[in-house]
Amino acid sequence: MGGLFSKDDELTQEDLEELQEMSNFNQKQIRRLYKRFKRLDKDGSGSITLDEFYSIPELVMNPLNIRVIGLFDPECEDVEKVSVNFKQFLKTLSVFSPNGSKEDKLKYAFKVYDIAGDDLIDEHELFSLLKLMVGESIKTHEILYIVEKVIEEVDTTMDGCISFKEFCNALKDVDLEEKMSINI
Amino acid sequence: MSISQSDVDQALEELSSQETPLFSQVSYESGDETSDSEFIDKMPRSKSYVKLSQGVQGRSIRYGTQMGEPGKSELTFIQKRFERTMPGRLLHGLRNEDSKEKIKGDIFEAISFVKRGMQKIVADDFTAAFQEKKPKAWNFEWYLFVTWVLGVILRYAILLPIRILIFASGILLASLIASTTFIFRSNKIKAFLNKLAFKIFTEGCVLSWHASVAYHGNVPKNFRNTVIVANHTTMIDAVLMMRRQLVSIVGQHHGGLAGLVQDTILSPLEPIWFERGAQKDRKQTVRKIKNHLQTSNIPILLFPEGTCVNNEYCVMFKKGAFELDATIIPVAIRYNKIFVDAFWNSRKKSLPNYLLGVMASWGLVADIYFLDPMTKQENETPIQFAERVKNVIAKKAKLKNVSWDGYLKYIKLSDKFKDGRSQVLGAYLKRKFQVSKMKSNTANSEFDENPNSRLIKNRLGLSITSTNEREKKKIK
C-alpha cells in the first residue's frame, strides 16, 4: 500500500478495490470523487488543507464550514492545520452516502456537536455551535438560555452533558437518512 | 411550533434589501472624482482585460501569456470592492437556489448545514463553471478505437501543420501589409491597407481554426451608442465577432510587436486601448468609451463576466457595461463541443498551447446569436439590468445561470459572508425558546475554565477569525 496516493496520479485497480471495501461507494463513484479530490487539492500535495477547502465559495458561506471540514480529520487538534488525504476524504463522505448506515450517520452527527471529541456534548460545545449557526442575530445571554433549555430537555441522566445515547434518543423522530445523505 | 415558508422568504427578503444601500454608494456619476476601488467595478471587461501591474505569478506581462487575468494590485481593489457589494448579490443567488429547503427552528438544524456543506464539497456550481466539460468516451470498441487513432494521425500529422502555416502566414502577411502603411501619406490608403491587413488577419485565424460559425438574429445597421455584451469562453470569441461585425474592443495596450498589431491591423475596429498601471488612465478610458459611444458607429464589445467560463455556465455579469446609458445588444455564443472544447482555462493552459490544441482538433463550431436590443428601464438599477440581460443570454446559449463572481477564481471569499440563513435561524430559535421570557443568569466567563476550551477554540479556528488575517499571516 506504500506510495498509494503519493506518486501515482491515478488509482490502480488494487487501490479501487481496497477503497471500495472500506467505503459505501462503487468504483465509478470512487473515481469521480478522486477527480474531485484532485481538483480541490490545488497544489497537488496529496491532501486538502483548510485554504483549499475555502476555495469553494458556497462552503465559505456555510456557517458550520469549520465543523464540516473538521469531520474529515477528527483527530486534528488545530483546524488551521487540517490536512485531509483521499482516504479520509472518502471515508467521511461514505458516511453521507445514501448507503451509509444509520449508526454511522448518528455517530457523525454527534461528532459535529462534540467538538472536543470526548464523547460528551457539554454546554460549552453546544454554545459554540449555536453561536456559529446564528452569528450575531442572537445575543450571548440569549444563546446561553437556549443552551440551558436544550440540555434540560435532552439530558435525561441529569449530568449536565449530552451523551451519545441521549443524543440518539433526542433524534429518534428525525429522518436521519434523509438529513444526512447527499448525492454523490 | 410551525414556521411557514413564507416567513423564511420574508426574512431573506429583508436581508437582501438591507444590502441595497450599498449599491447606491457606488453608482456612477459622470465626471465625478471616482475612487480607484469603485472604478474597478465600473470598468467594463473585455477579452484582453487589465493586467495593471504584475502578472498573477509576479511575472511582467508578455503578449500571449496569461492574458485576461487580473494582476496583484487590481486584486487588492477587487477584494475591497467585494467586501462592500458581495453580500447582497450572493444572498440573492443563494435565495434562488435553496429557497425550497425549509428551515425548522431547531437546534438540530446544524445537521442540515453540515449536509449542505458536504454536498458542496462533493460538487459546487462555482468550481463546475470553470471546469472543462468531460467528453464522453466513445472509442471503447476496437474498431472505434482504430478509427480514433486514424483520426488522431490525420489531425496531428496533416491538419495541424497546415493550420499552423495558415495562421502564421496570416499574421505575417497582415503585419507586412500593415507595416507598409508607413510609406504612404494618404490617410485613405493607410485606412485601406489597414483594413486589408485586418481582413487577412481574421480570415487567417478563422481558417486555421477551421471555424464554422453560424450567425443568427438581426444585426442592426446603426450602432450609435451601442454596446455588445456577450458570454465569454475564450479569446476566440472576439475574433469570431470581429469577423461578422466590426466591434470596438477594449483592452490593454502592449508593447513591441503585439502593440504594433494593435495599432495597425486592429485599427479598423476603432479599439480602445489603455496603458497598464496608470491609474488616471482608467478614468480616461471610461471617458474614451463614453466618447466613442457618442461619436462612432462601431459598437463596443464587452464581456461582463470578466473571465473565461466553460460555456456550460454563465457567471455574474459585472455592472460596468450596464451603467453607460447605452443600448445593449446581447449576444449569446454557444460552442458545439463535439468537435472541440473551446473553453480556455487560462490557469491550465497558456495561450499558445491552447491555440495549438484548437488547431489540432477537427474544427471549431459555434453559433452566435444576436438578440434584440435592450435598454435600462427607469426603475431598474444597473445591477438589475445586468441580471436581466444575463438571463436572456444564458437562456439562448443554454447555459446554467449562476450568481458567482468570476473573480472568485483569484480571491478567496472572506468568511464574513455567512449564509443569510443564520439570521433566519436565529430569529426562529428566539421564538421557539421564547427567549424574551428568559430567566438565565449564566455568566459566560465560566467557559474559559473548561478544560476543553482551548481544544474547542482550536478546532473552531477561533484563534484566527477571518480569512484576511489568515492571508496576512501567510504573507508574513
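Here the structure is a predicted model, which is why all the values come from computation and not from measurement.

(A) Geometry of the interface of chain B and chain A. Tallying the contact residues gives 67 residues for chain B and 78 residues for chain A. A per-residue breakdown of the area chain B buries against chain A is headed by Met118, Ile121 and Arg459 of chain B, which together make up 12% of the total. Between Asp124 of chain B and Arg36 of chain A there is a salt bridge, with the nearest N and O atoms lying 2.7 Å from each other. Elements supplying a minimum of two residues to the side of chain B that touches chain A: helix H4 (72-98), helix H5 (109-122), helix H6 (125-129), helix H14 (421-432), helix H15 (453-459) and helix H16 (467-475) of chain B. The element that contributes the greatest number of residues to the side of chain B that touches chain A is H5 of chain B, accounting for 14 residues. Looking at the side of chain B that touches chain A residue by residue, the class counts come to 28 nonpolar, 18 polar and 21 charged.

(B) Quick look at the UniProt feature "domain: EF-hand" (unreviewed entry) in chain A. Here, the residues flagged by UniProt with the feature "domain: EF-hand" (unreviewed entry) are residues 28-63, 101-136 and 147-177 of chain A. Within residues 147-177 of chain A, the helical portion is 55% and the strand portion 6%, while the C-alpha atoms at the span's ends are 26 Å from each other.

(C) Inspection of helix H5 (residues 65-72) of chain A at higher detail. Burial runs high along H5 of chain A: eight of the eight residues are buried. Of the positions making up H5 of chain A, those classed as buried are Asn65, Ile66, Arg67, Val68, Ile69, Gly70, Leu71 and Phe72 of chain A.

(D) Molecular detail of the domain arrangement of chain A. All names here are of chain A. Examined at the domain level, chain A breaks down into domain 1 (13-94) and domain 2 (102-179). Relative placement of domain 1 and domain 2: their C-alpha centres are 25 Å apart. Summed over both sides, the interface between domain 1 and domain 2 buries roughly 770 Å², with carbon and sulfur atoms accounting for 70% of that surface. Of all residues in domain 1, the largest losses of buried area upon contact with domain 2 belong to Leu64, Arg67 and Leu71, amounting jointly to 65% of the total for that side. Counting across the interface, domain 1 meets domain 2 through two residue pairs in polar contact (both at pLDDT 80 or more). Counting residues per element, the ones that place at least two in the side of domain 1 that touches domain 2 are H5 and helix H6 (86-96). Classifying every residue of the side of domain 1 that touches domain 2 gives four nonpolar, one polar and two charged.

(E) Inspection of the UniProt feature "transmembrane region" (unreviewed entry) in chain B at higher detail. Under the UniProt annotation, "transmembrane region" (unreviewed entry) lies at residues 140-158 and 164-184 of chain B. Along residues 164-184 of chain B, the helical share is 81% and the strand share 0%, with 31 Å between the first and last C-alpha atoms.

(F) Up close: helix H8 (residues 123-134) of chain A. Residue and element names in this part refer to chain A. Between its first and last C-alpha atoms H8 spans 16 Å; for twelve residues at 1.5 Å apiece the expected length is 16 Å, and the two agree. The complete set of buried residues in H8 reads His124, Glu125, Leu126, Phe127, Ser128, Leu129, Leu130, Met133 and Val134. Near the N-terminus of H8, the side chain that reaches the backbone nitrogen of His124, with its oxygen 3.0 Å away, is that of Asp122. With its phi angle positive at about 65 degrees, Gly135 sits one or two positions after the end of H8.

(G) A look at unusual backbone geometry. Look at Asp119 of chain A: it is not a glycine, yet its phi comes out positive at around 65 degrees. Here Asp119 of chain A lies in the loop between helix H7 (102-113) and strand E3 (120-121). Unlike most non-glycine residues, Lys398 of chain B shows phi in positive territory, near 55 degrees. In this fold, Lys398 of chain B is placed in the loop between helix H13 (382-396) and strand E9 (400-401). Taking the relative accessible area as the measure of exposure, Lys398 of chain B reaches 67% and is therefore exposed.

(H) Representation of the packing of helix H1 (residues 13-22) of chain A against helix H2 (residues 27-40) of chain A within the structure. Residues and elements named next belong to chain A. Where H1 meets H2, the closest approach of the two axes is 10 Å, and the angle between their N-to-C directions is 105 degrees. One element, H1, and the other, H2, form an angle in the roughly perpendicular class. Across from Gln13, Leu16, Glu17, Leu19 and Gln20 in H1, the residues of H2 making contact are Gln27, Ile30 and Arg31. Among the residues forming the contact of H1 with H2, the class breakdown is three nonpolar, three polar and two charged.

(I) Region of the structure containing the sheet that holds strand E5 (residues 300-302) of chain B. All names here are of chain B. Read from one edge of the open sheet, seven strands run E1-E8-E7-E2-E5-E3-E4, paired in mixed fashion. Strand pairing shows two members of the sheet lacking a second neighbour, strand E1 (211-216) and strand E4 (272-274), which therefore form its edges. Adjacent strand axes in the sheet meet at a mean angle of 25 degrees, parallel and antiparallel pairs treated alike. Two strands pair when backbone bridges link them, and E1 and strand E8 (residues 364-370) are joined in this way by six bridges, in the parallel orientation. Its bridge partner being in E8, Ala214 is matched across the sheet by Asp367. Taken strand by strand, helix H9 (residues 236-244) contacts E1, strand E2 (226-230), strand E3 (248-252), E5, strand E7 (327-335) and E8, and its axis lies near 60 degrees from that of E8. Contacts from H13 reach E2, E7 and E8 within the one sheet, and its direction differs from that of E7 by about 35 degrees.

(J) Spotlight on the packing of aromatic side chains. Residues and elements named next belong to chain B. For the coordinates displayed, the defined rule picks out 18 aromatic pairs over all chains. Between Phe145 and Trp148 the ring centres are 5.8 Å apart and the planes differ by 35 degrees, which places this aromatic pair in the tilted class. Of the two residues, Phe145 and Trp148 both sit in helix H7 (residues 142-180), three residues apart, roughly one turn of that helix. On the basis of relative accessible area, Phe145 is assigned to the partly exposed category, the value being 42%.

(K) Spatial organisation of the nonpolar core. With 89 residues, the main nonpolar core has Phe86, Phe89, Leu93, Tyr113, Leu126 and Phe167 of chain A as its most contacted residues. Viewed by domain, this core spans two of them, domain 1 (13-94) and domain 2 (102-179) of chain A, each represented by three or more residues. Non-local contacts of Leu126 of chain A, meaning those with residues more than four positions away in its chain, are made with Tyr113, Ile121, Val147, Val150, Ile151 and Ile162 of chain A together with Ile107 of chain B. Counting 53 residues, the second-largest nonpolar core is a separate cluster that includes Phe201, Ala211, Phe223 and Val331 of chain B.

(L) Representation of a nonpolar patch on the surface within the structure. Taken together, the side chains of Trp138, Phe140, Trp142, Tyr143, Phe145, Val146, Trp148, Val149, Leu150 and Ile153 of chain B make up a nonpolar region of the molecular surface, amounting to roughly 1100 Å² of accessible area. When you line up the elements, Val146 of chain B lands in helix H7.

Cut-off values and rules
- Residues numbered from 1 in each chain as written.
- Chains lettered and ligands numbered in written order.
- Predicted model: local features only at pLDDT ≥ 70, side-chain atom pairs only at ≥ 80, totals over all residues.
- Heavy atoms only, no water.
- Contact = heavy atoms within 4.5 Å.
- Buried area = accessible area lost by both parts, 1.4 Å probe.
- Salt bridge = Lys/Arg side-chain N within 4 Å of Asp/Glu carboxyl O.
- Helix = DSSP H or I, 4+ residues; strand = E, 2+ residues; numbered from the N terminus.
- Nonpolar A, V, L, I, M, F, W, Y, C, P; charged D, E, K, R; others polar.
- UniProt positions renumbered as here; feature names shortened; annotations may be inferred.
- Buried < 20%, exposed > 50% of the residue type's maximum accessible area, 1.4 Å probe, protein only.
- Domains from an automatic or database assignment.
- Polar contact = N/O pair within 3.5 Å; in protein donor to acceptor, adjacent residues only side chain to side chain.
- Expected span 1.5 Å × (residues − 1).
- Axes fitted to C-alpha atoms, helices over the stretch in contact; angles between N-to-C directions.
- Parallel < 35°, antiparallel > 145°, perpendicular 65-115°, else oblique.
- Pairing = 2+ DSSP bridges.
- Phe/Tyr/Trp six-rings, centres within 6.5 Å; stacked < 30°, edge-to-face > 60°.
- Core = buried A, V, L, I, M, F, W, Y, C linked by side-chain atoms within 4.5 Å.
- Patch = residues over 30% accessible without salt bridge, like charges linked within 9 Å, V, L, I, M, F, W, Y side chains within 5 Å.
- Areas by Shrake-Rupley, 256 points an atom, 1.4 Å probe, with all protein chains shown as cover.

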